[in-house]
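# Geometric and topological summary
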Amino acid sequence: MSLLKEKIISDYSKLEKDREIYSEYECKCNKAWQQKDQFIIYSAYKKQLKKIYHSDNENIDENIEKAISLIGHKLTNKPIVSGGHTVLNLNDRFHTSNEVLSSVDASFKFIEGIQNNHNKKAEFLVLLNDFYMEKDAGTDLGNENQYRKKALKPYIIPLKINEYLQDYSKKLNRIFDLHYCSEKNMADRFKRHIQNRKKNSSIFHTIDNSNWEIIINDRHIPIMVDNKPNCPAGNAATYRAIRYNVTSNKMKDNFTSYVGLFPLCSMQNVLDGYLIADKFYETFDLPTHFIFFGKSCF
């Protein structure tokens, strides 16, 4: 499996009946960044993570220009940029927050800059933070969560993100589809990937067979808690899906370089996910840059 894709929506009136899934849902996260906003860039390649830029400048346009100058010439000819990292909104699937839209805006400015300045035509990806869905505990135990199923089949592109896809399709004279993936599905995929290897590999460690860690540079990084794969596990499988399209045991090239824009609160999970992918997957070769700014994904 690879990443999923939706085409630009031309008529939202046909989707109005599917706009609300659960009216009492409260779109929130208790891990939002509480400190001063910053702008941080990491490069990641071949087991190496390196911070290459750190600024307290809150002018996003200036920071994106800096990112274009630092990163643009290093990208391959088949890059993808992710932004708008977002929690699924069950009470209004058309809506997304200003924090998320700020990330989408920065992503497309970056995509425009690398196309105009470096002739690199990047695609756009949204990573959906759907680890928690209403009533996950208890009522849906052992079954597919119906709220997640309704939110993803099909996934409705939020109205404002759809406008960015339309505007930049015109501005850059090419059609932008929306690539997207469920981080929960990716985490479950990672669990399947390691199922047969974790008991026989020295890179994994467990105490009680339900809480597993991967050992990287003497660090013990949790990948499963109470037998459930976590965010770093989901990120690891996502990076592999960005790099390769795997179907029927055949592996083909997908995207060959990646730039991910994420809120600051996700930094450790994002970076750990890359280290995990690089350590675990025998074939993994994805030159990556991570850009961190903003305080939440909702």
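Notes on the structure in this doc start here. (Residues numbered from 1 in each chain as written. Predicted model: local features only at pLDDT ≥ 70, side-chain atom pairs only at ≥ 80, totals over all residues. Heavy atoms only, no water.)

## Digging into the side chain of S182
Considering the arrangement of structural elements, one finds S182 in strand β7 (residues 178-182). Overall, the relative accessible area of 5% leaves S182 in the buried class. Residues contacting S182, with those up to four places away along its chain left out, are L128, D130 and L152. (Helix = DSSP H or I, 4+ residues; strand = E, 2+ residues; numbered from the N terminus. Buried < 20%, exposed > 50% of the residue type's maximum accessible area, 1.4 Å probe, protein only. Contact = heavy atoms within 4.5 Å.)

## Looking at the sheet that holds strand β9 (residues 212-216)
Taken together, the 4 strands give an open sheet; going across it, the order is β8-β9-β10-β11, and neighbouring strands pair in antiparallel fashion. Either end of the sheet is taken by a strand with one partner, and the two such strands are β8 (204-206) and β11 (228-229). Across 5 bridges, the pairing between β9 and strand β10 (residues 219-225) is antiparallel. Across the sheet, I216 pairs through a bridge with R219, a residue of β10. The strands that helix α7 (residues 267-280) touches are β8, β9 and β10; relative to β9, the one it contacts most, it runs at about 75°. (Pairing = 2+ DSSP bridges. Axes fitted to C-alpha atoms, helices over the stretch in contact; angles between N-to-C directions.)

## Digging into the pattern of salt bridges
Within the structure shown, the criterion is met by 13 salt bridges. The residue E163 makes a salt bridge to K160 at a minimum N-O spacing of 3.8 Å. Of this pair, E163 and K160 both sit in helix α4 (residues 159-171), 3 residues apart, which is roughly one turn of the helix. Look at E163 and you get partly exposed, because its relative accessible area is 30%. (Salt bridge = Lys/Arg side-chain N within 4 Å of Asp/Glu carboxyl O.)

## Topic: the packing of helix α6 (residues 231-243) against α7
Two elements in contact, α6 and α7, have axes separated by 7 Å at closest approach and are oriented at 55°. Taken together, the axes of α6 and α7 lie oblique to each other. Considering how the two elements wind past one another, α6 and α7 form a crossing that is right-handed. Residue-level contacts link C231, P232, N235, A236 and Y239 of α6 to N269, V270, D272, G273, Y274, I276 and A277 of α7. Taken together, the residues that form the contact of α6 with α7 break down as 8 nonpolar, 3 polar and 1 charged. (Parallel < 35°, antiparallel > 145°, perpendicular 65-115°, else oblique. Left-handed = near helix turned anticlockwise from the far one by under 90°. Nonpolar A, V, L, I, M, F, W, Y, C, P; charged D, E, K, R; others polar.)

## Some details on α7
Along an α-helix, residues three or four apart share an orientation, since each turn contains 3.6 residues. Taking 1.5 Å as the rise per residue, α7 with 14 residues should run 20 Å; its terminal C-alpha atoms sit 20 Å apart, in good agreement. Every buried residue of α7 is listed here: M267, V270, L271, D272, G273, Y274, L275, I276, A277, D278 and F280. (Expected span 1.5 Å × (residues − 1).)

## Quick notes on the state of the cysteines
Tallying each qualifying case throughout the model produces 0 disulfides. Among the cysteines around C181, which has no disulfide bond, C231 carries the closest sulfur, lying 12 Å off. Since its relative accessible area comes to 3%, C181 is described here as buried. A residue is classified by how much of its surface remains accessible, and C231, at 27% relative accessible area, is partly exposed. (Disulfide = S-S within 2.5 Å.)

## Quick notes on helix α5 (residues 183-194)
An ideal rise of 1.5 Å per residue puts 16 Å on 12 residues; α5 measures up with 17 Å between its terminal C-alpha atoms. Those residues of α5 that sit buried are E183, M186, A187, R189, F190, K191 and I194.

## Digging into the nonpolar core
Nonpolar side chains in soluble globular proteins tend to end up buried together. Counting residues in each nonpolar core, the largest one holds 50 residues, and the members touching the most others are F110, F124 and I291. Of all the elements in the fold, those that place two or more residues in this core are β2 (39-45), α1 (60-71), α2 (98-118), β6 (123-129), α3 (146-152), α4, β7 and β14 (257-262). Among the elements that make up this core, the one with the highest residue count is α2 (8 residues). Residues within four places of F110 in sequence aside, it is in contact with I64, A67, I68, I71, L75, V81 and V259. (Core = buried A, V, L, I, M, F, W, Y, C linked by side-chain atoms within 4.5 Å.)

## Section: the pairing of β10
Counting the residues that bridge the hairpin from β9 to β10 gives 2 residues, and of these N217 lies at a positive phi of roughly 50°. Relative to β11, β10 runs antiparallel, the two being bridged by 2 bridges. Along β11, the bridge assignment pairs M224 with P229. Hairpin remark: β10 followed by β11, antiparallel, with 2 residues in the connecting loop; positive phi at D226, about 55°.

## Quick notes on the environment of D226
You can see D226 is positioned in the loop between β10 and β11. A sequence separation of 17 residues divides D226 from N209, and the C-alpha atoms of the two residues are 8.8 Å apart. Beyond its immediate chain neighbours, meaning those up to four positions away, D226 contacts S210 and N211.

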